[in-house]
Amino acid sequence: LLAQHGAALQHTVATWPADWQARALCLPVNLLEPEAVQQACHQVLQRWGRIDVAVHLAGGFTMGQGVHQPGFAAALDHMLDLNVRTVVHSVAAVVPAMLAQGGGAVVNVGAASAGQGAAQMGAYAASKSALARLTESLAAELKGQGVRVNAVLPSIIDTPANRTAMPDADPTRWVAPDALAEVIGFLASPAARAVHGACLPVMGLV
């Protein structure tokens, strides 16, 4: 497991069954540093000899600045860092290993807003749109080589942060994290062996 925030990763792993924890290798990594990501993947390969699935969950959200307003360029760079460059650095590390072993699956976590811009959400929407196009491009580049690349595009995910930000909303209409995980699991599994370059909406009831 690679993550930007080590404390959050350790907390997550602590909730797993004991046998899962015993098999886990937790590697807090700054995903914006290509060399650090490469080194972490090397450690995974040293332990298990292969990388079968890469799920890119790292990302971020910001809104509030219009495209024409001061500070937008900085906000755009920040969103591209969190939502695009983290994935670019990861696939640069894991895809060569997948190709060498004869196969693998990459699942990116995008957002439903990849399909359309919205006021004060230009930076976020642009970054998630870029991620969708990179997913499609990488899938086309790897087609026929045993490595599948797909993405999920969730709407609002039912998280504590979103409940705090939108106290008057109905979270039962949002996407439950376990439901999203099941879709990701499907795309990572052999059951999705015929799925290449899909950007799959996961909308809940929004």
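The rules behind each value
Note that residues are indexed from 1 along each chain, following the sequence as it is written. Given that this is a predicted model, residues contribute local features only at a pLDDT of at least 70 and side-chain atom pairs are listed and counted only at 80 or more, while totals for whole chains, interfaces and linings are drawn from all residues. Each side-chain value is derived from all of the structure's non-hydrogen atoms; neither hydrogens nor water enter the calculation. Each pair of strands is called paired provided DSSP finds at least two bridges between the two strands. What counts as a helix is a DSSP run of H or I of at least four residues, what counts as a strand is a run of E of at least two, and both are numbered from the N terminus. Interaxial angles span 0 to 180 degrees and are taken between N-to-C directions of axes, which are lines fitted to C-alpha atoms, for helices over the stretch in contact. Put simply, a nonpolar core is a bunch of buried Ala, Val, Leu, Ile, Met, Phe, Trp, Tyr and Cys residues held in one set by side-chain atoms that sit within 4.5 Å of each other. Burial classes: relative accessible area under 20% of the type maximum marks a residue as buried, over 50% as exposed, and values in between as partly exposed (1.4 Å probe, protein chains only). Expected helix span is computed as 1.5 Å times (number of residues minus one). The arc under discussion is defined with respect to the helix axis, by the directions toward the C-beta atoms. Between the rings of Phe, Tyr and Trp (Trp by its six-membered ring), a pair exists once the centres lie within 6.5 Å; its type follows the angle of the planes, with under 30 degrees stacked, over 60 edge-to-face, and the other angles tilted. Crossing handedness is defined as follows: a turn of the near helix away from the far one that is anticlockwise and smaller than a right angle gives a left-handed crossing, while the clockwise case is right-handed. The contact criterion used throughout is that any non-hydrogen atoms of two residues lie within 4.5 Å. Residues were grouped as follows: Ala, Val, Leu, Ile, Met, Phe, Trp, Tyr, Cys and Pro as nonpolar; Asp, Glu, Lys and Arg as charged; and all remaining residues, including Gly, as polar. Each patch is built from salt-bridge-free residues with over 30% relative accessible area, joining like charges within 9 Å and nonpolar side chains (Val, Leu, Ile, Met, Phe, Trp, Tyr) within 5 Å. Accessibility throughout is a Shrake-Rupley quantity obtained with a 1.4 Å probe, and a residue counts as covered only by protein chains that appear here. Just to be clear on terms, a salt bridge is a Lys or Arg side-chain nitrogen sitting within 4 Å of an Asp or Glu carboxyl oxygen.

## Looking at the sheet that holds strand E4 (residues 104-109)
Reading across the sheet, the 4 strands line up as E3-E4-E5-E6 and stay open at both edges, with parallel pairing between neighbours. Both edges of this open sheet fall to strand E3 (53-56) and strand E6 (199-202), since each of them pairs with a single strand only. With strand direction ignored, the average angle separating the axes of adjacent strands in the sheet is 20 degrees.

## Observations concerning the nonpolar core
Val94, Met98, Val106 and Val149 are the most contacted members of the largest nonpolar core, which totals 23 residues. Per element, the largest residue contribution to this core is 6 residues, and it comes from helix H4 (residues 72-101). Residues Val109, Val152, Ile184 and Val202 belong to the second largest nonpolar core, which totals 9 residues.

## Observations concerning helix H3 (residues 34-48)
Helix length check: H3 (15 residues) gives 21 Å between terminal C-alpha atoms against 21 Å at 1.5 Å per residue, within 8%. Of all the positions in H3, only Val37, Ala40, Cys41 and Val44 are classed as buried. Looking down the long axis of H3, one finds its buried residues gathered within 95 degrees of arc, a one-sided arrangement. Seen from the buried face of H3, the exposed residues on the opposite side, beyond 90 degrees, are Glu35 and Gln46.

## Topic: the packing of aromatic side chains
A full pass over the atoms with the stated rule returns 1 aromatic pair. Considering the side-chain rings of Phe61 and Tyr124, the 4.7 Å spacing of their centres and the 80 degrees angle between planes classify their relative orientation as edge-to-face. Placement of Phe61 in the loop between E3 and H4 and of Tyr124 in helix H5 (residues 122-142) is noted, with a sequence separation of 63 residues between them. Classification of Tyr124 as buried rests on a relative accessible area of 12%.

## Thoughts on the packing of H3 against H4
Two quantities define a packed helix pair, namely the angle between the helix axes and the distance between the axes. Where H3 meets H4, the closest approach of the two axes is 8 Å, and the angle between their N-to-C directions is 30 degrees. Helix-helix and strand crossings are classified by hand; for H3 and H4 the assignment is right-handed. Seen from H3, the contacting residues are Pro34, Val37, Gln38, Cys41 and Leu45; seen from H4, they are His89, Ser90, Ala92, Ala93, Val94 and Ala97. Considered class by class, the residues forming the contact of H3 with H4 number 8 nonpolar, 3 polar and no charged.

## Here's the deal with a nonpolar patch on the surface
On the surface, Val53, Val55 and Leu57 cluster together to form a nonpolar patch covering roughly 250 Å² of accessible area. Tracing the backbone through its elements, the reader meets Leu57 in the loop between E3 and H4.

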